[in-house]
Amino acid sequence: TTSGGSPTYSEVFGRSVTNFAKEDEKIVAVTAAMPGGTKLEIFKEEIPERYFDVGIAEGHAALFASGLASAGLKPFLSIYSTFMQRAYDMIIHDIALQKLPVRLCMDRGGLSGDDGPTHHGLFDIGYLRHVPNIVHMQPIDEEEFVDMLWTMSNYEDGPIAVRYPRGPGVGATPKDQPVLLEIGKGELVQDGHDVALIGLGFLFDLAVEAKDRLEGEGHSVALVNPRFIKPLDEELILDVARRCKVICTFEDHVLKNGFGASIIELLHDADIDTPVERIGWPDQFVEHGKVNILREKHGISANAAVEKVLRHLPRQVATA
């Protein structure tokens, strides 16, 4: 665990999948030379006969995982989001086309700070969301993450992916027995009628911060934890879009073809003209640096969100 005491998302992943595998002998783990980074070293230590490290060969790892899935096993394929790009052809042709239940675990989903431009996982929403048959999720905390991993271990209808960040979570304790999540169902955390803030995964905290600021200025704020990037909870999102004057999305991903872009498409197709403001990374390779400094520099903040949202709202008159 980190010095702060909270385990990292990678540690939560390694421990949870190992525990599930002890109860379910069909679960196998596959990595591409990253047992330490992905924390599958926990699995390797405790269930070595079902642990496979194929070396630095992500395409082969994905193809091997599809072979395991076609034989009735439940492969958890853990590869950094940025290196899953090397297996893109296999994800489309070997996994998704055949609806094979390979569990894609995208470690370092989002900005990877000190690892720099080669390691930032800022493209996986864009490269997965248009592939048919894929489910893609992102949790807001460790508890929801374990529920997602449990849901993945029980999902047999095709490929299912989860993206999660580098480093520690927020300190949310997973339940003793995780619960199955309904595929494509988000969570309306708070209802409101002026602004809808949709905070994906790691950036949910920024949405909460923006909510507090906007409420302080007298606005009614709906807060959504989408959980699913694909399939989107269309019913929930269209409902808040119809009732609110503006939507703001938050994602630890590039804005081009990202999560916010999928919300814009959804509203356009439903003929809803509620404006959508987006917080996310710009159309460039983001440099190396501390996460908080890079976020501030590129406008990934509650302040930036509030500023964007307020352009669409009438000034509230303070009542005596």
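Computed from a predicted structure; not experimentally measured.

(A) Main features of the sheet that holds strand β11 (residues 246–254). Strands sit in the order β7-β9-β8-β11-β12 across an open sheet of five strands; the sheet is mixed. On the outer flanks of this sheet lie β7 (187–190) and β12 (276–281), each paired with one strand and no other. Neighbouring strand axes in the sheet, compared pairwise and without regard to direction, differ in orientation by 25° on average. By the bridge criterion, three bridges tie β7 to strand β9 (residues 221–225) in an arrangement that is antiparallel. Bridge assignment links Leu188 to a residue of β9, and that residue is Val224.

(B) Summary view of helix α11 (residues 259–269). Those residues of α11 lying buried are Phe259, Gly260, Ala261, Ser262, Ile263, Leu266 and Leu267. Those residues of α11 that are buried are in contact with α7 (124–128), β8 (195–199), β10 (228–230), α10 (234–243), β11 and β12.

(C) Expanded view of the pattern of salt bridges. Overall, the coordinates contain 25 salt bridges when judged by the stated rule. The salt bridge involving Asp107 is made with Arg108; its shortest N-O contact spans 2.9 Å. Side by side, Asp107 and Arg108 carry an identical accessibility label, which is buried. A network of salt bridges, in which partner residues are shared, links Asp24, Lys74, Arg103 and Glu156.

(D) Summary view of the sheet that holds β10. Overall, mixed pairing links the seven strands, which are arranged β2-β1-β3-β4-β6-β5-β10 in an open sheet. Each edge of the sheet is formed by a strand with only one pairing partner; in this case those strands are β2 (51–53) and β10. On average, adjacent strands in this sheet sit at an angle of 20° to one another, irrespective of strand direction. The pairing of strand β5 (residues 135–137) with strand β6 (residues 160–163) spans three bridges and is parallel. In the strand pairing of β6, His136 is matched with Ala161. Across the face of the sheet, helix α8 (residues 142–153) comes into contact with β1 (27–31), β3 (74–80), β4 (103–107), β5 and β6 while running at roughly 165° to β6.

(E) Local environment of the pairing of β4. Buried residues dominate β4, accounting for five of its five residues. Residue alternation in β4 divides its side chains into two sets, Arg103, Cys105 and Asp107 and Leu104 and Met106, and both sets are buried. Relative to β4, β3 runs parallel, the two sharing five bridges. By the bridge assignment for β4, Ser78 is matched with Cys105.

About the cut-offs
Residues numbered from 1 in each chain as written. Predicted model: local features only at pLDDT ≥ 70, side-chain atom pairs only at ≥ 80, totals over all residues. Heavy atoms only, no water. Pairing = 2+ DSSP bridges. Helix = DSSP H or I, 4+ residues; strand = E, 2+ residues; numbered from the N terminus. Axes fitted to C-alpha atoms, helices over the stretch in contact; angles between N-to-C directions. Buried < 20%, exposed > 50% of the residue type's maximum accessible area, 1.4 Å probe, protein only. Contact = heavy atoms within 4.5 Å. Salt bridge = Lys/Arg side-chain N within 4 Å of Asp/Glu carboxyl O.

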